[in-house]
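# Working through the structure, step by step
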Amino acid sequence: MAEIKTQPTDASVEAYIAARASEAQAADCRALMAILGRLTGQAPKMWGPSIVGYGSYRYTYASGHSGEMCIAAFAIRGRDLVVYLSCEDAAQAALLARLGKHRMGKSCLYFKKLADLDVAVLEQLISASIEATRQRHGGQDGG
């Protein structure tokens, strides 16, 4: 079985942001770090080479595959910033409709800059995602 690449590392979050982010993105990353830190109660940690994650939980699929993942995270993807979210219910869909200029993948919320978003709505989405993840995985939240 292939080794999972998205694992916590000792790499520097600040070095990642300095190497990847434009000046405007760096300011948005610092704002995201404050939001995610406050909502999770955890410090940021690099997961793999390009994800800034907070906390962790263990998962096991029906296939028996298991692993560890951060409970909340963001990344810099070129000109976009990405917040990883679980948005699977009608309440979260309604929040997404009020969020502002973004696009949503399966679990990736892409946006160009925080100024394009309603940050209070973003915080509600992140909070709901964290709660859904904690409920689904037994309330785990390690560092």
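Now for a quick tour of the structure. Because the structure is a prediction, the values reported are computed rather than measured. (Residues numbered from 1 in each chain as written. Predicted model: local features only at pLDDT ≥ 70, side-chain atom pairs only at ≥ 80, totals over all residues. Heavy atoms only, no water.)

## As for helix α4 (residues 119–136)
Rules: Helical segments are the DSSP runs of H or I of at least four residues, strand segments are the runs of E of at least two, and each set is numbered from the N terminus. Expected span, for any helix, means 1.5 Å times one less than how many residues it has. Think of it in three bands: residues with accessible area under 20% of the maximum for their type are buried, residues over 50% are exposed, and the middle band is partly exposed, with areas taken using a 1.4 Å probe on protein chains only. Two residues form a contact once any of their heavy atoms are found within 4.5 Å.
Its 18 residues place the ends of α4 25 Å apart at the C-alpha level, agreeing with the 26 Å of an ideal helix rising 1.5 Å per residue. Residues of α4 that are buried: Val 121, Leu 122, Leu 125, Ile 126, Ser 129, Ile 130 and Thr 133. Turning to α4, the residues buried within the fold contact α2 (23–40), β3 (57–60), β5 (72–77), β6 (80–84), α3 (90–99) and β8 (108–111).

## What about the pattern of salt bridges?
Selection rule: Each salt bridge in this description consists of a side-chain nitrogen of Lys or Arg and a carboxyl oxygen of Asp or Glu lying within 4 Å of one another.
Applying the stated criterion to the full structure yields four salt bridges. Between Asp 80 and Arg 103 there is a salt bridge, with its nearest N and O atoms 2.9 Å apart. Taken together, the positions of Asp 80 in strand β6 and Arg 103 in strand β7 (residues 103–104) put the pair 23 residues apart, joining distant regions of the chain. Residue classification places Asp 80 among the buried positions, given a relative accessible area of 9%.

## Observations regarding the packing of aromatic side chains
So the rule is basically this: In summary, the pairing rule links any two rings of Phe, Tyr or Trp, Trp by its six-membered ring, whose centres are within 6.5 Å, and it sorts them by plane angle into stacked for under 30 degrees, edge-to-face for over 60 and tilted for everything else. Distance and angle both matter: a charge sits over a ring if NZ of Lys or CZ of Arg is within 6 Å of the ring centre and within 35 degrees of the ring normal.
Evaluated as defined, the whole model comprises one aromatic pair. A cation over a ring is seen here: Arg 103 above Tyr 110, with NZ or CZ 4.2 Å from the ring centre.

## Considerations on the sheet that holds β6
Selection criterion: Two strands are said to pair when DSSP picks up at least two bridges between them. Lines fitted to C-alpha atoms define the axes, with helix axes restricted to the stretch in contact, and inter-axis angles between N-to-C directions lie between 0 and 180 degrees.
Taken in spatial order, the six strands line up as β1-β2-β5-β6-β8-β7 in an open sheet, and their pairing is antiparallel. Strand pairing shows two members of the sheet lacking a second neighbour, β1 (44–47) and β7, which therefore form its edges. In the sheet, β5 pairs with β6 via five bridges, with the strands oriented antiparallel. Residue pairing across strands places Ala 73 opposite Tyr 84, the latter belonging to β6. Together, β1, β2 (51–54) and β5 form the strand contacts of helix α1 (residues 13–20), whose direction differs from that of β5 by roughly 30 degrees. Relative to the sheet, α2 contacts β1, β2, β5, β6 and β8, its axis offset from that of β5 by approximately 170 degrees.

## A look at the side chain of Ser 56
For the record, the criterion: We define a polar contact as two N or O atoms separated by no more than 3.5 Å, with the added condition that, inside protein, one atom must be a possible hydrogen donor and the other a possible acceptor, whereas residues neighbouring each other in sequence contribute only through side-chain atom pairs.
Position of Ser 56 among the secondary structure elements: in the loop between β2 and β3. With a relative accessible area of 7%, Ser 56 lands in the buried category. A distance of 3.1 Å separates the side chain of Ser 56 from the side chain of Glu 68, its partner in a polar contact.

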